[in-house]
Amino acid sequence: MIPILGADPLFRDGIDGTVVLIVIVKTIIVFTVLLVAVMFYVWFMRKVIADMQNRIGPQRAGPFGVLQTLADGIKLFFKEQSSPECADPPVFRLAPYLAIIPAFMAFAIVPIGGLVPVAGRQTYLQLADPGVGVLWLLMMSGIGLYGVMLAGWASGSKYPLLGSVRASAQLLSYEAALGLAVVGVLVHSGSLSTRTIVDQQAWTGIGSIVSQWYWLPAIGAFVIFCISAIAETNHPPFDLVEAEQELVGGFHTEYTGIRFAIFFLAEFMNVITMSAIAVTLFLGGPAGPALGFLAADSWVNVWVMPVFWFTVKLLVLLYATVWIRATLPRLRYDQLMALGWKYLIELAFLWAMISGVVVVGAREGWNRWVTVPAAVAGAGIVLAVLWACLPRRGEPVEEIR
Amino acid sequence: MWEQQVAFWVIAVAMAGAAIGVVRANNVVHAALFLIVVFAGSAAQYILLLAEFVAWVQVLIYIGAIIVLFLFGVMLTRAPMREERGKLDNSQRLASAVVALFLFGVLAVFLIDAFGGTELRFRDSMVEVGSAASVGDSIFRQFVIPFEVVSMLLLAALVGAVALARRD
């Protein structure tokens, strides 16, 4: 066994041709499924928003307009690529790939199913289970930031540059809150590996929705994670990166054709990946009831049901993102920064403190009715001190230049 | 063992090339991009030494945050988009070569003095040492005092930055 490759039993008996083939097939499947998922997500989003706004939405290409995204993609693919005179050509060409490749790679750690037998071997329905697990997601969203930033800079034009400066400030601020929200789960799980986190949330009956899944024990982290994930993916109401009225389209103003399409793809792919990570961390991943009238080891219960439950949960979250997109107006820039730095980061820190006390208390067998109120009271004192230090509205703040 | 040796030299040569690129680039942003390659290379070297957690934290902190802040600063401070050739050159090549050679010599002497002749034999059990759990254990048990000292240093730097940026 080569432990550095992670805990997948596929690698336990050494690596031979079959194992390599299984890994390649898994990679291709994840790649394709993600692309197709983005295509359907864009269609789904346009259709749902159209319904909410009393319009019809795309309807010409294919039944119910499902092929609309494909048609748009083909059109963009054949369009001319233009590049501004002041652009920095190598970086200008590189930037879209710096956006899309991390978007693909981040999905690799998402467990979409359980342990399945393939060609006489056991493997997880998950591309990779690195020891650093969730850290991988933070890393990839950090690298994805380069795509946005360099695209705006390399365009050699004012509006894209403004867009990318906004983007880097926004993404950097919310990455901190996102990371601290993930800590809220890691304190409970005691492991960074997504596979272990999902295994701890396994289905044991209807009660496991509240007793096993981490959304309830880590409810504060869940809320903070959702808000900062929406901000991290430049999704409305946090889409200041490409605020059309202010920036003529943001960092990708100067991009045309397939390069623009790649940015577009990366953005929606990030929404899907973040939702999938939220399902993994907080909603049990592929955990769900198996079909009782079939044997526990029949192919339906081994292959289909975990993927089915994962997809159902993912669709619920994706619907929520579309709902938010259709409902909420865009924040002002100072509101965005205030929310990130003054509220989310502090609350995430306090939540991590509270969960630390609760988890250690449970492990040591302390009285829960003492530790939880004590932890909340301690967090409240810290919060009160912070609150006292914040400048009040109307109070003159010393200008910082 | 020879696979590790080959990988080490491939990565080391790429890192050295990128490091030369950092100082040779005519454009600050290009220099920062070369610096990313250097940091990614050192992360890869950590992986070769089975220090998985340290490697990914290197990527997360240095590539994901520090260079981003660097580029952010370049963009905010109206750095010129394009420099004529040689304008970023400050004609102190001799001095910098002396400093570089001196640093190389000092590091080489100390490293050989400390670890010369030590041979690393990789075993599966060593993977555990590089994991997040054992790194966390050693930071918060054995090295908790240095950790707190470094935290205080960073806090002092933060307060100092705010004090400098404040208008009196």
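In what follows, the accompanying structure is described. Only a predicted model underlies this, so the values are computations on that prediction, with no experimental measurement involved. (Residues numbered from 1 in each chain as written. Chains lettered and ligands numbered in written order. Predicted model: local features only at pLDDT ≥ 70, side-chain atom pairs only at ≥ 80, totals over all residues. Heavy atoms only, no water.)

### Overview of the pairing of strand β2 (residues 121-124) of chain A
Residue and element names in this part refer to chain A.
Turning to step 1, where the next piece is worked out: Inspection of the sheet shows strand β1 (residues 115-118) paired to β2 by four bridges, in the antiparallel sense. Paired with Val 118 across the bridge in β2 is Arg 121.
Turning to step 2, where the next piece is worked out: Counting the residues between successive antiparallel strands, the hairpin from β1 to β2 contains two residues, one of them, Ala 119, with a positive phi of roughly 50°. (Pairing = 2+ DSSP bridges. Helix = DSSP H or I, 4+ residues; strand = E, 2+ residues; numbered from the N terminus.)

### So, the side chain of A:Ser193
Residue and element names in this part refer to chain A.
Turning to step 1, where the next piece is worked out: By the element assignment, Ser 193 lies in the loop between α5 (158-189) and α6 (194-200).
Turning to step 2, where the next piece is worked out: With a relative accessible area of 9%, Ser 193 lands in the buried category.
Turning to step 3, where the next piece is worked out: Polar side-chain contacts of Ser 193 include one of 3.2 Å to the backbone nitrogen of Arg 195.
Turning to step 4, where the next piece is worked out: When sequence neighbours within four positions are dropped, the list of residues in contact with Ser 193 reads Asp 129, Pro 130, Gly 131 and Gly 133. (Buried < 20%, exposed > 50% of the residue type's maximum accessible area, 1.4 Å probe, protein only. Polar contact = N/O pair within 3.5 Å; in protein donor to acceptor, adjacent residues only side chain to side chain. Contact = heavy atoms within 4.5 Å.)

### Side note on the packing of aromatic side chains
Residues and elements named next belong to chain A.
Turning to step 1, where the next piece is worked out: With the rule as written, the count across this model stands at 18 aromatic pairs over all chains.
Turning to step 2, where the next piece is worked out: Seen in terms of ring centroids, Phe 31 and Phe 104 are 4.3 Å apart; in terms of plane orientation they differ by 20°. Their pairing is stacked. Residue Phe 31 is found in helix α1 (residues 17-52), and its partner Phe 104 is found in helix α3 (residues 89-106); the two are separated by 73 residues along the sequence.
Turning to step 3, where the next piece is worked out: Residue Phe 31 is classed as partly exposed on the basis of its relative accessible area, which comes to 42%.
Turning to step 4, where the next piece is worked out: Phe 104 gets classed as buried once you look at its relative accessible area, which sits at 17%.
Turning to step 5, where the next piece is worked out: Measuring from centroid to centroid gives 5.7 Å for Phe 77 and Phe 78, while their planes differ by 85°, and the two rings are edge-to-face.
Turning to step 6, where the next piece is worked out: When its relative accessible area of 52% is taken as the criterion, Phe 77 is described as exposed. (Phe/Tyr/Trp six-rings, centres within 6.5 Å; stacked < 30°, edge-to-face > 60°.)

### Considerations on the nonpolar core
The tendency in soluble globular proteins is for nonpolar side chains to be buried side by side.
Turning to step 1, where the next piece is worked out: A:Tyr146, A:Leu150, A:Phe225, A:Leu281, A:Phe282 and B:Leu71 are the most contacted members of the largest nonpolar core, which has 108 residues in total.
Turning to step 2, where the next piece is worked out: For this core, the leading source of residues is helix α4 (residues 134-154) of chain A, giving 15 residues.
Turning to step 3, where the next piece is worked out: Residues in contact with A:Leu150, not counting those within four places in the same chain, are A:Val91, A:Ala95, A:Leu98, B:Val29, B:Leu33 and B:Leu71.
Turning to step 4, where the next piece is worked out: Membership of the second largest hydrophobic core comes to five residues, among which are B:Met15, B:Ala18, B:Val38 and B:Leu48. (Core = buried A, V, L, I, M, F, W, Y, C linked by side-chain atoms within 4.5 Å.)

### Overview of helix α8 (residues 219-232) of chain A
Residue and element names in this part refer to chain A.
Turning to step 1, where the next piece is worked out: If you check α8, its first and last C-alpha atoms are 19 Å apart, about what 14 residues at 1.5 Å a residue would give, namely 20 Å.
Turning to step 2, where the next piece is worked out: Of all 14 residues in α8, ten are buried, a share of seventy percent or more.
Turning to step 3, where the next piece is worked out: Turning to α8, its buried residues number three or more, namely Gly 220, Ala 221, Phe 222, Ile 224, Phe 225, Ser 228, Ala 229, Ile 230, Ala 231 and Glu 232.
Turning to step 4, where the next piece is worked out: Its buried side turned inward, α8 meets α4, α5, α10 (257-282), α11 (299-327) and α12 (333-364).
Turning to step 5, where the next piece is worked out: With its phi angle positive at about 55°, Asn 234 sits one or two positions after the end of α8. (Expected span 1.5 Å × (residues − 1).)

### Things to note about unusual backbone geometry
Turning to step 1, where the next piece is worked out: A cis amide bond links A:Pro236 with the next residue in sequence, A:Pro237, at an omega value of 5°.
Turning to step 2, where the next piece is worked out: Structurally, the position occupied by A:Pro237 is in the loop between α8 and α9 (244-247).
Turning to step 3, where the next piece is worked out: A positive phi is found at A:Phe64, a non-glycine position, where the angle reads about 55°.
Turning to step 4, where the next piece is worked out: Among the secondary structure elements, A:Phe64 is positioned in the loop between α1 and α2 (68-77).
Turning to step 5, where the next piece is worked out: Of note, B:Leu50 is a non-glycine position whose phi angle comes to about 65°, a positive value.

The analysis is restricted to geometry; functional conclusions fall outside its scope.
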